[in-house]
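A look at the structure
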Amino acid sequence: MIQLLVLDNARMAQALVDYLATLGISCELTQSELGVSVWLADEQRLAQAQLEVKRFLAEPTHPRYMEASWQSGSADARIDYSKGMTDPITDFLHQAGPLTLVVIIACLAIYALNAIGLPIFDELAFHLTMAQFTDWQAWRYFTPAFIHFSVLHLVFNLLWWWYLGGQIEQRLGSGKLLILLLVGAALPNIAEFFVSGPRFGGLSGVVYALLGYCWLRGKLQPACGLTLPPALMGFMLFWLVLGFFDLLGTSTANMAHLVGLLVGLLQGWLDRNHQPA
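Since the model is a prediction, treat every value here as computed from it, not as a measurement.

Below, the discussion takes up the side chain of E192. Locating E192 in the fold gives a position in helix α9 (residues 174-196). Among buried Asp, Glu, Lys and Arg side chains, E192 stands out as unpaired, with R199 the closest opposite charge at 12 Å. Within the local environment of E192, its side chain forms a polar contact with the side chain of S196, the two groups lying 2.6 Å apart. Residues in contact with E192, not counting those within four places in the same chain, are G197, F200, A253, N254, M255 and A256.

In structure tokens form, the structure reads like this:
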């Protein structure tokens, strides 16, 4: 037998073996202090197995692996599945790609700089004199999305960004998430500026773009791996309606939310025939 790889997470190793079995590639698991080793039984399938291992390492949380485990219903009694279980911080990091984490760090840093009195808001927000349109200050189309005005505002948006953005980046790549971030920031920000002026900020326009994208593409193309419970979609739509009727007790960028949702729905519809890797 040939050792394909060693993983520190026994459940993920089992999921990989179960998936390889659906392809007719027989593997076995052994456990040691170093982790769980995946061994290839049929050496003639080495080239194909190595390609699948490379694919697995690129996106280990893809639904295809968990689905294979559910279908097989097998478990190796010699494997201690309690080993390799991640702590909350590690799990948080594993569920997010690099772009997801960079945006979280940027939002936290900007909030901290603003809290200590640096004039960061004036450099990032839309300009009252419309300088973003007339003076080539194009960064202002996007940067209001990184400004937050309270801890609750910040935490609410970042949790949604991590949950939705992490899904998209893990399943479809950083490039797709970057497109949704840029378009989902610029168009809602411009719309909000013309409706309510320059005093707004927050990632919620982008969050609604991700929400619309995950919901519609997940429904039109379940194989893409994006999932969004209907209850969460219903909650966010209810939140959107409450904002337009001014029933939230706080100022909200309602037009940015609506335009962001439309951006996500449109992109999800455009991508409905793109085949996931």
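Turning to empty space enclosed by the protein, a few remarks are in order. The tally for this structure, following the rule as stated, stands at one cavity of 30 Å³ or more. Volume-wise, the largest cavity comes out at about 60 Å³. Lining the largest cavity are 13 residues, with N189, G202, S204, G205 and A256 sitting closest to its centre. Looking at the lining of the largest cavity, the elements with two or more residues in it are α9 and α10 (204-220). A breakdown of the residues in the lining of the largest cavity according to their chemical character gives seven nonpolar, six polar and no charged.

As a further point, take the sheet that holds strand β3 (residues 35-40). Spatially, β1-β3-β2 is the arrangement adopted by the three strands of the open sheet, whose pairing is antiparallel. With partners counted over all chains shown, the strands left at the sheet margins are β1 (2-7) and β2 (27-32), one partner each. Adjacent strand axes in the sheet meet at a mean angle of 25°, parallel and antiparallel pairs treated alike. Sheet analysis places β2 next to β3, joined by six bridges and oriented antiparallel. Pairing of L29 across the sheet is with V38, part of β3. Against the sheet, helix α2 (residues 46-58) touches β1 and β3, its axis set at about 10° to β1.

A volume near 540 Å³ is recorded for the second largest pocket. Taken together, 22 residues line the second largest pocket, and the ones lying closest to its centre are H153, T250, S251, T252 and A253. Counting only elements with at least two residues in the lining of the second largest pocket, the list comes to α8 (151-172), α9, α10 and α11 (230-244). When residues of the lining of the second largest pocket are assigned to their parent elements, the largest contribution, five residues, is made by α8. For the lining of the second largest pocket, a count of residues per class yields ten nonpolar, ten polar and two charged.

This part covers the UniProt feature "transmembrane region" (unreviewed entry) in the chain. Sites flagged by UniProt as "transmembrane region" (unreviewed entry) map to residues 99-121, 141-165, 177-194, 200-216 and 223-245. Secondary structure content for residues 200-216 is 76% helix and 0% strand, and the end C-alpha separation is 28 Å. As annotated, residues 223-245 comprises 65% helix and 0% strand, and the C-alpha atoms at either end are separated by 37 Å.

With that out of the way, let us pick up helix α12 (residues 254-270). Taking 1.5 Å of rise per residue, 17 residues should cover 24 Å, and α12 covers 25 Å from first to last C-alpha, within 8% of that figure. Listing the buried residues of α12 in full gives N254, A256, H257, V259, G260, L261, V263, G264, Q267 and G268. For α12, the elements touching its buried residues are α9, α10 and α11.

Side chains bearing opposite charge may pair, as long as their charged atoms lie close to each other. Per the stated rule, a full pass over the model turns up three salt bridges. For E52, the salt bridge goes to R55, with nearest N and O atoms at 3.6 Å. Of this pair, E52 and R55 both sit in helix α2, three residues apart, which is roughly one turn of that helix. One salt bridge in this structure joins E59 and R64, with 3.1 Å as the shortest N-O distance. Residue classification places E59 among the buried positions, given a relative accessible area of 8%.

Counted according to the given criterion, the structure contains 15 aromatic pairs. Between F126 and F133, the ring centres sit 6.3 Å apart and the planes meet at 75°, which makes this aromatic pair edge-to-face. Assessed through its relative accessible area of 32%, F133 is described here as partly exposed. The interplanar angle of 50° and the centroid separation of 6.4 Å between the aromatic rings of F126 and Y141 together place this pair among those described as tilted. With a gap of 15 residues between them, F126 in the loop between α6 (120-124) and α7 (131-134) and Y141 in the loop between α7 and α8 connect regions that are remote in the sequence. Owing to a relative accessible area of 4%, F126 belongs among the buried residues under this scheme. Counting every residue linked through ring pairs, the aromatic cluster contains F126, F133, Y141, F142, F193, F194 and F200. Across from the ring centre of W269, 3.9 Å away, lies the NZ or CZ of R272, which sits over that ring.

Cut-offs and rules
- Residues numbered from 1 in each chain as written.
- Predicted model: local features only at pLDDT ≥ 70, side-chain atom pairs only at ≥ 80, totals over all residues.
- Heavy atoms only, no water.
- Helix = DSSP H or I, 4+ residues; strand = E, 2+ residues; numbered from the N terminus.
- Buried < 20%, exposed > 50% of the residue type's maximum accessible area, 1.4 Å probe, protein only.
- Lys, Arg positive; Asp, Glu negative; His and termini not counted.
- Salt bridge = Lys/Arg side-chain N within 4 Å of Asp/Glu carboxyl O.
- Polar contact = N/O pair within 3.5 Å; in protein donor to acceptor, adjacent residues only side chain to side chain.
- Contact = heavy atoms within 4.5 Å.
- 1 Å grid on protein atoms, 1.4 Å probe; cavity = no way out; pocket = protein on both sides within 12 Å on 5 of 7 lines; lining within 4 Å.
- Points joined across faces, edges and corners; volume = space filled by probe spheres on them.
- Nonpolar A, V, L, I, M, F, W, Y, C, P; charged D, E, K, R; others polar.
- Pairing = 2+ DSSP bridges.
- Axes fitted to C-alpha atoms, helices over the stretch in contact; angles between N-to-C directions.
- UniProt positions renumbered as here; feature names shortened; annotations may be inferred.
- Expected span 1.5 Å × (residues − 1).
- Phe/Tyr/Trp six-rings, centres within 6.5 Å; stacked < 30°, edge-to-face > 60°.
- Lys NZ or Arg CZ within 6 Å of the ring centre and 35° of its normal.

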